[in-house]
Amino acid sequence: DGGITQSPKYLFRKEGQNVTLSCEQNLNHDAMYWYRQDPGQGLRLIYYSQIVNDFQKGDIAEGYSVSREKKESFPLTVTSAQKNPTAFYLCASSIEGDAYEQYFGPGTRLTVT
Amino acid sequence: AQKVTQAQTEISVVEKEDVTLDCVYETRDTTYYLFWYKQPPSGELVFLIRRNSFDEQNEISGRYSWNFQKSTSSFNFTITASQVVDSAVYFCALSEGRNNDMRFGAGTRLTVKP
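Report follows, based on the coordinates. Only a predicted model underlies this, so the values are computations on that prediction, with no experimental measurement involved. (Residues numbered from 1 in each chain as written. Chains lettered and ligands numbered in written order. Predicted model: local features only at pLDDT ≥ 70, side-chain atom pairs only at ≥ 80, totals over all residues. Heavy atoms only, no water.)

For chain A, the helix and strand inventory stands at zero helices and eleven strands. Walking chain A from its N terminus toward its C terminus, one meets helices and strands in the order β-β-β-β-β-β-β-β-β-β-β. The C-alpha atoms of chain A give a radius of gyration of 13 Å, which matches the 13 Å a tight globule of 113 residues would have. For chain A, the C-alpha atoms occupy an extent of roughly 35 × 25 × 25 Å along the three principal directions. By residue count, 50% of the 113 residues in chain A fall in the buried class. Considering only residue pairs separated by 6 or more positions, chain A has 52% of its internal contacts joining residues 24 or more positions apart. Accessible surface, chain A: about 5500 Å² in total, of which carbon and sulfur atoms supply 47%. If the 11 positive side-chain charges of chain A are averaged to one point and the 13 negative ones to another, these points end up 10 Å apart. (Helix = DSSP H or I, 4+ residues; strand = E, 2+ residues; numbered from the N terminus. Rg over C-alpha atoms; globule rule 2.2 N^0.38 Å. Buried < 20%, exposed > 50% of the residue type's maximum accessible area, 1.4 Å probe, protein only. Contact = heavy atoms within 4.5 Å. Areas by Shrake-Rupley, 256 points an atom, 1.4 Å probe, with all protein chains shown as cover. Lys, Arg positive; Asp, Glu negative; His and termini not counted. Charge placed at Lys NZ, Arg CZ, Asp CG, Glu CD.)

Here's what the structure looks like:
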């Protein structure tokens, strides 16, 4: 089955710790995205990548970092610099760019206390 | 910058009722793309439809239909004979086809009661 996997589904961390969220896709898509969703709100773009070894900041990149060493993988690190990290994080991919529909993973709910 | 407005925060209907979810967008481009996604309680967004700005033909897929009207900058979504499984948050999104420009509305939470 082709799709996007994110792990884990739920993640708990203490304040001050960095945490990495996994995102893997086997759809052979070039573009990958990370979004943050807060309760009752839409999606906000954190980072995106159109090609391996290249990525760009989205609207709310501060306190986050990413890497794109392989086409299939786009991990997101939530650093201790992120002031309010508790949220639902969604990874997505698309064939090429924003003119095309994005396919989403199941999400990771991060709770930092 | 482009913008998407979903004025209906929450809608509640009884099963078998028809329901329309509104989406109004703003863009200065003549070429753009509109999308609808469904987010069930599990959390994963599911792609429903993509429409480009040059195709104003309405679309029907089973109980789902979409009404695209450029004159009013709207891309509304209707569910006919709603079912409990339709309960979800529905997002409308707009892209002008450039990098990093997909914009989502705030979503409409639909609850279908038995």
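We now examine the sheet that holds strand 7 (residues 64-66) of chain A. All names here are of chain A. Strand order across the open sheet formed by four strands is 1-3-8-7, with antiparallel pairing between neighbours. Looking along the sheet, the strands with just one partner apiece sit at the ends: strand 1 (4-7) and strand 7. Direction aside, neighbouring strands of the sheet carry axes that sit 20° apart on average. (Pairing = 2+ DSSP bridges. Axes fitted to C-alpha atoms, helices over the stretch in contact; angles between N-to-C directions.)

Another aspect to go through is the interface of chain B and chain A. Between chain B and chain A, the contact holds 22 residues from the first and 24 residues from the second. In this assembly, chain B packs against chain A so that about 1700 Å² is buried in total across both faces, 52% of it on carbon and sulfur atoms. Applying the counting criterion to the chain B and chain A interface returns one salt bridge. In this structure, the salt-bridge partner of Arg-103 of chain B is Asp-59 of chain A, at a minimum N-O distance of 3.4 Å. Across the contact surface, chain B and chain A share five residue pairs in polar contact (both at pLDDT 80 or more). At the level of secondary structure, the elements contributing two or more residues to the side of chain B that touches chain A comprise strand 5 (33-39), strand 6 (46-52), strand 10 (88-95) and strand 11 (103-104) of chain B. Broken down by element, the side of chain B that touches chain A gets its largest block of residues, four residues, from strand 5 of chain B. (Buried area = accessible area lost by both parts, 1.4 Å probe. Salt bridge = Lys/Arg side-chain N within 4 Å of Asp/Glu carboxyl O. Polar contact = N/O pair within 3.5 Å; in protein donor to acceptor, adjacent residues only side chain to side chain.)

What follows covers the state of the cysteines. All names here are of chain A. Under the counting rule described, the total for this entry stands at two disulfides over all chains. With a sulfur-sulfur separation of 1.8 Å, Cys-23 is cross-linked through a disulfide to Cys-91. On the sign convention where negative means left-handed, the S-S torsion of about -70° between Cys-23 and Cys-91 marks this disulfide as left-handed. In this pair, Cys-23 sits in strand 3 (residues 19-25) while Cys-91 sits in strand 9 (residues 87-94), placing the two residues 68 residues apart along the sequence. (Disulfide = S-S within 2.5 Å.)

The next subject is the pairing of strand 12 (residues 108-113) of chain B. All names here are of chain B. Residues Thr-108, Leu-110 and Val-112 point to one face of strand 12 and are all buried, whereas Arg-109, Thr-111 and Lys-113, pointing to the other face, are not buried. By the bridge criterion, five bridges tie strand 2 (residues 10-14) to strand 12 in an arrangement that is parallel. Paired with Glu-10 across the two strands is Arg-109, which belongs to strand 12. Pairing analysis gives three bridges linking strand 10 to strand 12, with the strands arranged antiparallel. Looking across to strand 12, one finds that Val-89 is bridged to Arg-109.

So yeah, pure geometry; function would need other evidence.
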